[in-house]
Amino acid sequence: EYPSFRNLRCSSRSIFHRREEALPDVGILELQDAETGENVWVDTSSASTRGAYADHWQRTNALIDRTLSRCRVDNVRIATDEDYVKSLMKLFKRR
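The structure presented is a predicted model; accordingly, all values stated were derived computationally and were not measured.

Novice: Even after reading the chapter, I still don't get a nonpolar patch on the surface, so can you show me in this structure?
Specialist: Side chains of Tyr 84, Val 85, Met 89 and Phe 92 sit close together on the surface and give an oily, nonpolar patch of about 410 Å² of accessible area. One can find Val 85 in helix H2 (residues 84–94).

See below:
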């Protein structure tokens, strides 16, 4: 007989660096797409470019959060500069 998985709980941990949240104003950069290898030039001094990047970051993370929540997966985001123990303790207390 198979065990019951009714009470099985899944969790996700997302580790990120704060520099991923916003594109810095450092002028023109040549960036390479990690999947395609295509090189593109990006003008980071453009406020609209930086705003679009920040919006994309927020929308992507919100989508991940909604998807995990719909699948009943607990998620915690941990920045590399914060105490991960506190974040994990909050996650486990929510359970």
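Novice: Can you walk me through helix H1 (residues 47–70) in this structure?
Specialist: With 24 residues, H1 ought to run about 34 Å at 1.5 Å a step, and its terminal C-alpha atoms sit 34 Å apart, in line with that. Within the span of H1, buried status applies to Trp 57, Asn 61 and Leu 68. Buried residues belonging to H1 abut strand S1 (10–16) and strand S4 (73–79). Downstream of H1 by a residue or two, Arg 72 has a phi angle that is positive, lying close to 60 degrees.

Novice: What is the right way to read the pairing of S4 from this model?
Specialist: In summary, the side chains of a regular strand alternate between the two faces of the sheet. With respect to burial, S4 is a largely interior element, 6 of its 7 residues being buried. When S1 meets S4, the two strands line up parallel, connected through 7 bridges. When the sheet's bridge partners are listed, Ser 12 is paired in S4 with Asn 75.

Novice: Looking at this model, I keep getting lost on the packing of aromatic side chains. Mind explaining?
Specialist: The description of an aromatic ring pair rests on the distance of the ring centres and on the angle between the ring planes. Tallied over the entire structure, the rule returns 1 aromatic pair. Considering the side-chain rings of Phe 16 and Trp 57, the 6.1 Å spacing of their centres and the 55 degrees angle between planes classify their relative orientation as tilted. On the criterion of sequence distance, the pair formed by Phe 16 in strand S1 and Trp 57 in helix H1 is long-range, its members being 41 residues apart. Assessed through its relative accessible area of 17%, Trp 57 is described here as buried.

Novice: I would appreciate a short explanation of the pairing of strand S3 (residues 39–43) in the present structure.
Specialist: Pairing of strand S2 (residues 28–32) with S3 involves 5 bridges; the strand directions are antiparallel. The partner of Ile 28 across the bridge, within S3, is Asp 43. Turn length for the S2-S3 hairpin, with the two strands adjacent in sequence and antiparallel, is 6 residues, and the turn residue Gly 37 shows positive phi of about 80 degrees.

Novice: Help me understand the environment of Trp 57 in this model?
Specialist: In sequence terms Trp 57 and Glu 20 are 37 residues apart; their C-alpha atoms lie 8.0 Å from each other. Once residues within four sequence positions are removed from consideration, Trp 57 is found in contact with Phe 16, Glu 20 and Glu 21.

Rules used throughout
- Residues numbered from 1 in each chain as written.
- Predicted model: local features only at pLDDT ≥ 70, side-chain atom pairs only at ≥ 80, totals over all residues.
- Heavy atoms only, no water.
- Patch = residues over 30% accessible without salt bridge, like charges linked within 9 Å, V, L, I, M, F, W, Y side chains within 5 Å.
- Areas by Shrake-Rupley, 256 points an atom, 1.4 Å probe, with all protein chains shown as cover.
- Salt bridge = Lys/Arg side-chain N within 4 Å of Asp/Glu carboxyl O.
- Helix = DSSP H or I, 4+ residues; strand = E, 2+ residues; numbered from the N terminus.
- Expected span 1.5 Å × (residues − 1).
- Buried < 20%, exposed > 50% of the residue type's maximum accessible area, 1.4 Å probe, protein only.
- Contact = heavy atoms within 4.5 Å.
- Pairing = 2+ DSSP bridges.
- Phe/Tyr/Trp six-rings, centres within 6.5 Å; stacked < 30°, edge-to-face > 60°.

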